[in-house]
Amino acid sequence: MIHKYNAKSLSMWNHDELKVMLLLPGQTRPMGYCQGSEQDEQELRDMAEAEGVDDLKIHKRLLKTGREHWTLGEERVETEWVEDAE
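Residues numbered from 1 in each chain as written. Predicted model: local features only at pLDDT ≥ 70, side-chain atom pairs only at ≥ 80, totals over all residues. Heavy atoms only, no water.

A. Inspection of the sheet that holds strand E2 (residues 20-23) at higher detail. Pairing in this open sheet of five strands is mixed, and the strands run E1-E3-E2-E5-E4 from one edge to the other. Looking along the sheet, the strands with just one partner apiece sit at the ends: strand E1 (3-4) and strand E4 (58-62). (Pairing = 2+ DSSP bridges. Helix = DSSP H or I, 4+ residues; strand = E, 2+ residues; numbered from the N terminus.)

Given below as structure tokens:
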């Protein structure tokens with residue numbers, strides 16, 4: 001089950017009741033938390049599909065504490081436009 005970010009879910013994370021923090025690229029606040037089960041991963045993919053994302057990338061990072069950070073999606077790359085020199 002995905003727990004959206006709020007005071008209660010943050011407290012659960014701080015008390016080691018939840019194993020995974022869900023992050024979005026470029027955001028400082030977590031999207032939410034979960035236990036890291038296959039059902040949680042499928043729920044994330046279903047949520048992404050409902051928002052039009054066909055192939056959700058999940059980057060998993062194991063912490064020293066045994067908990068994990070999952071970053072959902074890809075980092076946006078800013079494109080700098082350079083005008084043609086004549």
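B. The pattern of salt bridges, seen in detail. Inspection of the entire model under this criterion finds five salt bridges. In this structure, Glu 41 engages Arg 45 in a salt bridge whose closest nitrogen and oxygen atoms are separated by 3.2 Å. Of this pair, Glu 41 and Arg 45 both sit in helix H2 (residues 38-50), four residues apart, which is roughly one turn of the helix. Take Arg 45: its relative accessible area is 30%, and that puts it in the partly exposed class. Where Lys 60 meets Glu 41, a salt bridge forms, and the shortest distance between an N and an O atom there is 3.0 Å. Pair noted here: Lys 60 is in strand E4 and Glu 41 is in helix H2, with a separation of 19 residues, a long-range link. Relative accessible area serves as the criterion here: at 44%, Lys 60 is assigned to the partly exposed category. (Salt bridge = Lys/Arg side-chain N within 4 Å of Asp/Glu carboxyl O. Buried < 20%, exposed > 50% of the residue type's maximum accessible area, 1.4 Å probe, protein only.)

C. Layout of the pairing of E2. Burial along E2 is two-sided: the face carrying Val 20 and Leu 22 and the face carrying Met 21 and Leu 23 are both buried. The pairing of E2 with strand E3 (residues 32-34) spans three bridges and is antiparallel. Its bridge partner lying in E3, Leu 22 is registered against Gly 32. Both E2 and strand E5 (residues 68-72) contribute to a ladder of four bridges, which runs parallel. Looking at the pairing, Leu 22 lines up with Trp 70 of E5.

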